[in-house]
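# An overview of the molecular structure
Now for the letters of each chain:
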Amino acid sequence: MAFKIRSSKFRHVFGSPCRKEHCYENVRITRNAHDSSFCAVNPKSLAVVTESAGGGAFVVLPVERTGRVDITAPKVSGHAGAVLDIKWNPFNDDFIASASEDSTVKLWQIPKDGLVMPLTEWWVDLHGHSRRVGYLEWHPTAENILLSAGYDYKCIVWNVEQAEPVNIVDCHRDTIFSISWNRDGSLFATTSKDKKLRTIDPRTCAVACEAQCHKGPKASKVVFVDNNKMVTTGFSQMSERQLALWDLRQSKTSLHTVDLDSSCGVILPYFDYDTRVVFLAGKGDGNIRYYEVSDSDSSLYFLNTYQASSPQRGLGVMPKRGCDVRKCEITRFYKLHAAKNLVEPISMIVPRKSDVFQEDVFPATASTIPSLRADEWIAGQNREPILVSLQDGHVTNNPKITTSKAVQKQDGALQNAPTITTYKAVDRGGGMGMRMEQPPVQFQRNAQNSAPVMRRTNASEQPGELASLKNIKRLSLNEDFVTVPPNASSAVPSVVSPSKSVEKKVYSPVTPPGAEPSTNGVPLTSDTELKKAYFRQLEEIRSLKEQVVLKDKRIRQLEMEVVALKETDLQPGSNC
């Protein structure tokens, strides 16, 4: 029988660690035992969860500013508990989401020039989980859609632009270990402590398929490799670490299972859609394995292993648009060293002799242009990512729009009135509320994509309260947001800091017909008037805050002058 060797252009991929002067030293990496990456990176900034007392924090560093990090470097701190997961917005390099043990999800905007002082004011604060939130995943194609998984066995799909949940998935009966979107964002998969692999429709909360995953008691992880196939990592009954490939159309058993070793660390999978290579990094391990996913025979083929002596606490993965194509760098990891306060970049390089652009190694990759708006995805549209060339940056495709069922809030969990506390985001550029800045769009959107459905709140709101435009835009005809009066009872009490402009909101049924919004008792009859009133009140609040700061500063100066005069009077021989 003839022996045949399978050819692959990625068989000789090797890992190249950076020199010490190109690493990030003196970063106090968290020692939390949670099994997330604790690191997120994009071509502009590197975020690492740090050890802190009295709450959770993470540091944000410019990618190009390597070397020793000052111990007093400003951090992003605003959580009451430890930060468990952080994720950059794939369509905006200045926005990052964080999940914490305080049961909240917060969205932060990082200044364009980086942090020069500690950041404590968030843009959106989402309260929907009753226990700590462990995992976050941004939607791969729709802007402002975020998925969170908590230890209350629930997954919540958020529309962060409107600061409200789109749907609450309550099909799990045990701890959720991981979440992952498929390529077009029409489904997401989860693994849990009950040893089940579930694929869920986020719009209907229905379980599309369910299978028995790895039989070991330890944590298992899942990542989609396309719209229908997934890769999972976990443990067997004999506590051997495993890697498995699954197909939604044949979900009863895995297509291919590989036994790795008998170590005890949880394996974190990272998949590269462009090269079809899955990287496996075990917590507490020093090595990184990589396998190639074959679409022809639905198999996993071992490529190589990067080995190092120092164990890793987590890894951050640079998006393909941030890799160096001149060095044939297909992936760059940012390794968090467990034994020392060090973040080490590791480049995965395909050895090529030529310095020209390698089209076979670098196909078109996902861009920063969202394929859909949040309301379009909620209405049932699906679309593949918009791809750009890494050679010259031009858009290479125009993906088709497919349809599925629109959001159907059948779960009943939304009727339990989760409290959602939203920080009043002020767009200092004069934009509209929470609308995030987007990179220049290189194509024209379809003209038939309409804006979200506009609905109005009850006219019984207290005079003087801000009538935010975000509370009037409705994404569904079933439910509305209204402002809770100060004397109303709430199922979930919350403590609001007086230094932040915060508004407490709950869900309520559709408002009675004929109700009109008002600002200071004056009815508003058009969207233009609503916007003008909203931004006028924002300007008034901003000016009042500036006046308060100046007055406080003047008061402190006067107090210091009084103290100095008293000390002068008490000195012997002084003349009053």
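Residues numbered from 1 in each chain as written. Predicted model: local features only at pLDDT ≥ 70, side-chain atom pairs only at ≥ 80, totals over all residues. Heavy atoms only, no water.

By the naming in an unreviewed UniProt entry, the protein chain goes by Coronin and is assigned to Littorina saxatilis. As recorded by UniProt, the Sequence similarities (unreviewed entry) comment attached to the protein chain reads in full: "Belongs to the WD repeat coronin family." (UniProt positions renumbered as here; feature names shortened; annotations may be inferred.)

So, about the overall build of the protein chain. Each helix and strand in the protein chain was counted, giving 2 helices and 39 strands. Across the 576 residues of the protein chain, 54% fall into the buried class. The long-range share in the protein chain, meaning contacts at least 24 apart out of those at least 6 apart in sequence, stands at 56%. Total accessible area on the protein chain stands at roughly 26800 Å², and carbon and sulfur atoms take up 52% of it. (Helix = DSSP H or I, 4+ residues; strand = E, 2+ residues; numbered from the N terminus. Buried < 20%, exposed > 50% of the residue type's maximum accessible area, 1.4 Å probe, protein only. Contact = heavy atoms within 4.5 Å. Areas by Shrake-Rupley, 256 points an atom, 1.4 Å probe, with all protein chains shown as cover.)

Turning our eyes to something else, we now look at the sheet that holds strand 26 (residues 288-294). On the basis of which strands lie adjacent, the open sheet formed by 4 strands has the order 24-25-26-27 and antiparallel pairing. In the strand order of this sheet, the two ends are held by strand 24 (267-272) and strand 27 (299-306), each with one partner. Pairwise comparison of adjacent strand axes, ignoring direction, gives a mean angle of 25° for this sheet. In this structure, strand 26 lies alongside strand 27, joined through 7 bridges in antiparallel fashion. Bridge pairing in strand 27 places E292 opposite Y301. (Pairing = 2+ DSSP bridges. Axes fitted to C-alpha atoms, helices over the stretch in contact; angles between N-to-C directions.)

This paragraph deals with the confidence of the model for the protein chain. Per-residue confidence for the protein chain averages 80 on the pLDDT scale, and 77% of its residues sit at or above 70. Of all secondary-structure elements in the protein chain, the lowest mean pLDDT belongs to strand 37 (residues 502-508), at 35, while strand 3 (residues 39-41) reaches the highest, 97. In the predicted structure, residues 411-525 sits below a pLDDT of 50 and forms 251 contacts with residues beyond four places in sequence or in another chain. (pLDDT = per-residue confidence, 0-100.)

Our focus in this paragraph is the sheet that holds strand 17 (residues 188-192). In space, the 4 strands of this open sheet follow the order 16-17-18-19, with antiparallel pairing throughout. For this open sheet the edge positions go to strand 16 (176-181) and strand 19 (206-212), each flanked by a neighbour on one side alone. On average, adjacent strands in this sheet sit at an angle of 20° to one another, irrespective of strand direction. The sheet contact formed by strand 18 (residues 196-201) and strand 19 spans 6 bridges and is antiparallel. Residue pairing across strands places R198 opposite E210, the latter belonging to strand 19.

So, on to the environment of S100. With respect to the helices and strands, the residue S100 is situated in strand 9 (residues 95-100). For the pair formed by S100 and G134, sequence separation is 34 residues and the distance between their alpha carbons is 6.9 Å. Ignoring sequence-local partners within four residues, the contact set of S100 consists of H79, G81, A82, V83, L84, R132 and V133. Here D102 takes part through its side chain, which lies 3.1 Å from a polar atom of the side chain of S100. (Polar contact = N/O pair within 3.5 Å; in protein donor to acceptor, adjacent residues only side chain to side chain.)

All chains considered together, the criterion is met by 25 salt bridges. Measuring nitrogen to oxygen at the nearest pair gives 3.1 Å for the salt bridge that ties D272 to K320. With D272 in strand 24 and K320 in the loop between strand 28 (312-317) and strand 29 (329-337), the pair connects residues that are 48 residues apart, well separated along the chain. Like K320, D272 is buried. For D295, the salt bridge goes to R276, with nearest N and O atoms at 2.8 Å. On the criterion of sequence distance, the pair formed by D295 in the loop between strand 26 and strand 27 and R276 in the loop between strand 24 and strand 25 (277-282) is long-range, its members being 19 residues apart. Take D295: its relative accessible area is 43%, and that puts it in the partly exposed class. Counted as one network, the salt bridges with shared partners bring together D194, K196, R198 and E210. (Salt bridge = Lys/Arg side-chain N within 4 Å of Asp/Glu carboxyl O.)

A full pass over the atoms with the stated rule returns 12 aromatic pairs. Judged by centre distance (6.3 Å) and plane angle (45°), the ring pair of Y24 and Y334 falls under tilted. Within this pair, whereas Y24 is found in strand 2 (residues 24-25), its partner Y334 is found in strand 29, the two being separated by 310 residues in sequence. Ring centres of Y291 and F302 lie 5.3 Å apart, and the angle between their planes is 70°; on these two criteria the pair is classed as edge-to-face. Here the residue Y291 occupies a position in strand 26, and F302 occupies one in strand 27, the gap between them amounting to 11 residues. Residue classification places F302 among the partly exposed positions, given a relative accessible area of 40%. Of note, K106 hangs over the ring of W122, and the distance from its end group to the ring centre comes to 4.9 Å. One residue, R132, lies across the ring of Y151, its end atom 4.0 Å from the ring centre. (Phe/Tyr/Trp six-rings, centres within 6.5 Å; stacked < 30°, edge-to-face > 60°. Lys NZ or Arg CZ within 6 Å of the ring centre and 35° of its normal.)

Core analysis: the biggest nonpolar cluster contains 33 residues, and V27, V48, F58, Y334 and V343 have the highest contact counts within it. Listed by contribution, the elements that provide at least two residues to this core are strand 3, strand 4 (45-50), strand 5 (56-62), strand 8 (83-88) and strand 29. Each residue touching V343, except ones within four places of it in the same chain, is listed here: C23, Y24, V27, I29, L46, V48, Y334, K335 and L336. (Core = buried A, V, L, I, M, F, W, Y, C linked by side-chain atoms within 4.5 Å.)

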